[in-house]
Amino acid sequence: MTPELKMFCYQCAQAAGGVACTQAGVCGKVPTVARLQDNLKYALMGISAYAYHARELGKTDPEIDSFLQRALYTVLTNVNFDPASLVGLAIEAGRVNLRVMELLKRAHIEAYGEPVPTEVPTGTVRGKAIIVTGHGLKALEELLKQTEGTGINVYTHSEMLPAHGYPGLKRYPHLVGNLGRAWYDQRALFARYPAAILATSNCALIPGEAYRDRMFTTGPVRLPGVRHIDGHDFSPVIETALSLPDLPEEPGEGTLTTGFSRSAVLSLGPKIKELVEAGRIRRFLLVGGCDSPTQRNRYYRDLVRSLPGDTVVLTLACGKFRINDLDLGEIEGIPRLIDLGQCNDAIVAVEIAQGLAELLGVGVTELPLTLVLMWMEQKAVAILWSLLALGFKGIYLGPVLPPWADGEIVRVLTEEYGVRLIGDPAEDLATILG
């Protein structure tokens, strides 16, 4: 490393006499502390994303804000070198994340009603078009209001798919379908369709030239060369959409079903209990999370396609696009593939697990339930610690462990929390089903 690229490391400055760190700012004496700090930072970013969307809809919680301040201060330079207390803060972050997800859920339901199971077309309707990507339901609502009567059709992309299940949003007839799959297909998808594009949150990619001039951002999103809209006046988006050619009438690859809220799933509770007690439902699997564009993530599709007919799959977040086109059928009226929504809806999975546990008369960690989670970004970190805070064991995680997990952290995750790195789908399935 050349001298001009050396980084100053506050952690070892006193011992090093104030010279530049030769390990790029990562002190060799405290690698586990540094990585636990990184873990906590990721969790705080995830919690903040949920809190931001809740605040957009008028919901705040001073206890959440207080924790964010305290925890962020804790990861500042020379504040905390104690690994045990940082693990404790991660668990506390998990509990706070449950609180903020519940806050966001209430905000969504009060604004748009509780989701209901809904079939969503995946083709195009002839006419002008706007594609909305991200997680911001408030921005989508405002756009739908402003495009009423304009002849513009609005399509969701990726994590916006669950919007179709909310009564307050699905009532707009020009919310006509969903285009594409997970977030990383943006460049090919947006180049293909001559539509205006609105990015409302994280998971927005730097655009290619083919569509940069017809893309817009709002909220916290900023992209190079892309026009940004402060607030919710989407006139420039609408004007751009009207100036573009019509999309053709084009059939999709079928429909996607979303909108399975807590109430929708637990309304099936008596039948589910009957099937579990009769051995007709052997196991539930939650398969989802934050997907990444890698062949290794085919694991999840291969796993689900290999499941026997006495299993039920719950799925959420963008990882659902690995499996949500599969036709798994039903078990006496109970769908074998249930889409609970986006990563912002992870609290629904927790509430369903708690509801099923009460129904079956067991603890939530005693349910015939296995969690198989995809790993990538900040909200996934917060959700993982929420699950650990609730006492879930034996979580399968992959395709690789997070970069902040060094040998010592991996040991703690595996020995104390039972976290497992995914392997071969057939071997993992044999273990899961016993």
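Residues numbered from 1 in each chain as written. Predicted model: local features only at pLDDT ≥ 70, side-chain atom pairs only at ≥ 80, totals over all residues. Heavy atoms only, no water.

**Q** Is there a simple way to think about a nonpolar patch on the surface in this case?
**A** On the surface, a nonpolar cluster with roughly 300 Å² of combined accessible area is contributed by Tyr73, Leu76 and Val79. Residue placement: Val79 occurs in the loop between helix 3 (62-74) and helix 4 (83-112). Using a relative accessible area of 38% as the deciding quantity, one classes Val79 as partly exposed. (Patch = residues over 30% accessible without salt bridge, like charges linked within 9 Å, V, L, I, M, F, W, Y side chains within 5 Å. Areas by Shrake-Rupley, 256 points an atom, 1.4 Å probe, with all protein chains shown as cover. Salt bridge = Lys/Arg side-chain N within 4 Å of Asp/Glu carboxyl O. Helix = DSSP H or I, 4+ residues; strand = E, 2+ residues; numbered from the N terminus. Buried < 20%, exposed > 50% of the residue type's maximum accessible area, 1.4 Å probe, protein only.)

**Q** Sorry if this is basic, but what is going on with the sheet that holds strand 15 (residues 396-398) here?
**A** Within a sheet, each strand pairs with its neighbour through backbone hydrogen bonds, oriented either parallel or antiparallel. As summarised here, the arrangement of the six strands in space is 13-10-9-14-15-16, forming an open sheet in which the pairing is parallel. Here the strands that pair on one side only, and so sit at the sheet edges, are strand 13 (337-341) and strand 16 (420-421). Examined bridge by bridge, strand 9 (residues 283-289) and strand 14 (residues 369-374) share six bridges and lie parallel to one another. In the strand pairing of strand 14, Gly289 is matched with Met374. (Pairing = 2+ DSSP bridges.)

**Q** What is the right way to look at helix 12 (residues 346-360) in this model?
**A** In an α-helix, one turn spans 3.6 residues, which is why side chains three or four residues apart end up on the same side. Taking 1.5 Å per residue as the helical rise, helix 12 with its 15 residues ought to reach 21 Å, and the 22 Å between its terminal C-alpha atoms agrees with that figure. With eleven of 15 residues buried, helix 12 is to be regarded as a mostly interior element. All of the buried residues in helix 12 are Ala346, Ile347, Val348, Ala349, Val350, Glu351, Ile352, Ala353, Gly355, Leu356 and Ala357. Looking one or two places after helix 12, you find Gly361, whose phi comes out positive at around 70°. (Expected span 1.5 Å × (residues − 1).)

**Q** Would you mind going over the packing of aromatic side chains with me for this structure?
**A** The relative placement of two aromatic rings is captured by the distance of their centres and the angle of their planes. With the rule as written, the count across this model stands at five aromatic pairs. Taking the centre distance of 6.1 Å and the plane angle of 75° together, the rings of Tyr112 and Tyr166 count as edge-to-face. On the criterion of sequence distance, the pair formed by Tyr112 in helix 4 and Tyr166 in the loop between strand 3 (152-157) and helix 6 (167-170) is long-range, its members being 54 residues apart. The exposure classification of Tyr112 matches that of Tyr166, with both residues buried. Between Trp183 and Tyr184, the aromatic rings sit 5.4 Å apart at their centres with planes inclined by 85°, giving edge-to-face as the arrangement. For Trp183, a relative accessible area of 11% gives the class buried. For Tyr184, a relative accessible area of 27% corresponds to the partly exposed category. (Phe/Tyr/Trp six-rings, centres within 6.5 Å; stacked < 30°, edge-to-face > 60°.)

**Q** Looking at this model, I keep getting lost on the sheet that holds strand 7 (residues 227-229). Mind explaining?
**A** An order of 4-3-2-5-6-7 is seen for the six strands of this open sheet, with the pairing classed as parallel. The open sheet terminates on both sides in strands that have one partner only, identified here as strand 4 (175-178) and strand 7. Strand-to-strand twist in this sheet, taken as the mean axis angle between neighbours without regard to direction, amounts to 30°. Note that strand 6 (residues 215-218) and strand 7 share three bridges and pair parallel. Considered in strand 7, the bridge of Thr218 is made with Ile229. Against the sheet, helix 5 (residues 137-147) contacts strand 2 (128-133), strand 3, strand 4, strand 5 (196-199) and strand 6, and its axis sits at roughly 165° relative to strand 3. Contacting strand 2, strand 3, strand 5, strand 6 and strand 7, helix 8 (residues 235-243) crosses the sheet at an angle of about 135° to strand 2. (Axes fitted to C-alpha atoms, helices over the stretch in contact; angles between N-to-C directions. Contact = heavy atoms within 4.5 Å.)

**Q** Please explain the pairing of strand 2 as it appears in this structure.
**A** Working note: regular strand, side chains alternate between the two faces of the sheet. For strand 2, the tally of buried residues reaches five of six residues, placing the bulk of the element in the interior. Sheet topology note: the strand 2/strand 3 ladder contains six bridges and is parallel. Directly across from Lys128, in strand 3, lies its bridge partner Ile152. At this point the chain moves from strand 2, through helix 5, to the parallel strand 3, and the crossover so formed is right-handed. Here strand 2 pairs with strand 5 via four bridges, running parallel. (Right-handed = clockwise from strand over helix to strand, strands pointing away.)

**Q** Got a minute to help me understand the confidence of the model for the protein in this structure?
**A** Summing up the model confidence of the protein, the mean pLDDT is 92 and the portion of residues at 70 or higher is 93%. A low-confidence stretch, residues 1-29 (pLDDT under 50), is modelled with 31 contacts involving residues beyond four sequence positions or located in other chains. (pLDDT = per-residue confidence, 0-100.)

**Q** Would you mind going over the side chain of Asn80 with me for this structure?
**A** Among the structural elements, Asn80 can be located in the loop between helix 3 and helix 4. Residue classification places Asn80 among the buried residues on the basis of a relative accessible area of 12%. At 2.7 Å, the side chain of Asn80 and the backbone nitrogen of Asp82 are in polar contact. Ignoring anything within four residues of it in the chain, the contact list for Asn80 reads Val33, Gln37, Thr74, Ser85 and Leu86. (Polar contact = N/O pair within 3.5 Å; in protein donor to acceptor, adjacent residues only side chain to side chain.)

**Q** Mind showing me how you'd approach the nonpolar core here?
**A** Here is a general trend for soluble globular proteins: nonpolar side chains tend to be buried in one another's company. Of all hydrophobic cores here, the largest spans 73 residues; its most connected members are Ile47, Leu340 and Leu388. Broken down by element, the residue count for this core peaks at eleven residues, all from helix 4. For Ile47, the contacting residues outside a window of four places in its chain are Ile64, Phe67, Leu68, Ala93, Val96, Asn97, Val100 and Ala382. By size, the runner-up hydrophobic cluster in this structure holds 24 residues, among which are Ala139, Ala163, Val237 and Ile238. (Core = buried A, V, L, I, M, F, W, Y, C linked by side-chain atoms within 4.5 Å.)

**Q** Explain helix 5 here, please?
**A** In terms of residue burial, helix 5 counts as a mostly covered element, since eight of its eleven residues are buried. Taken as a whole, helix 5 has its buried residues at Leu137, Ala139, Leu140, Glu141, Glu142, Leu143, Leu144 and Thr147. Directly beyond the C-terminal end of helix 5, a positive phi value near 75° is found at Gly149.

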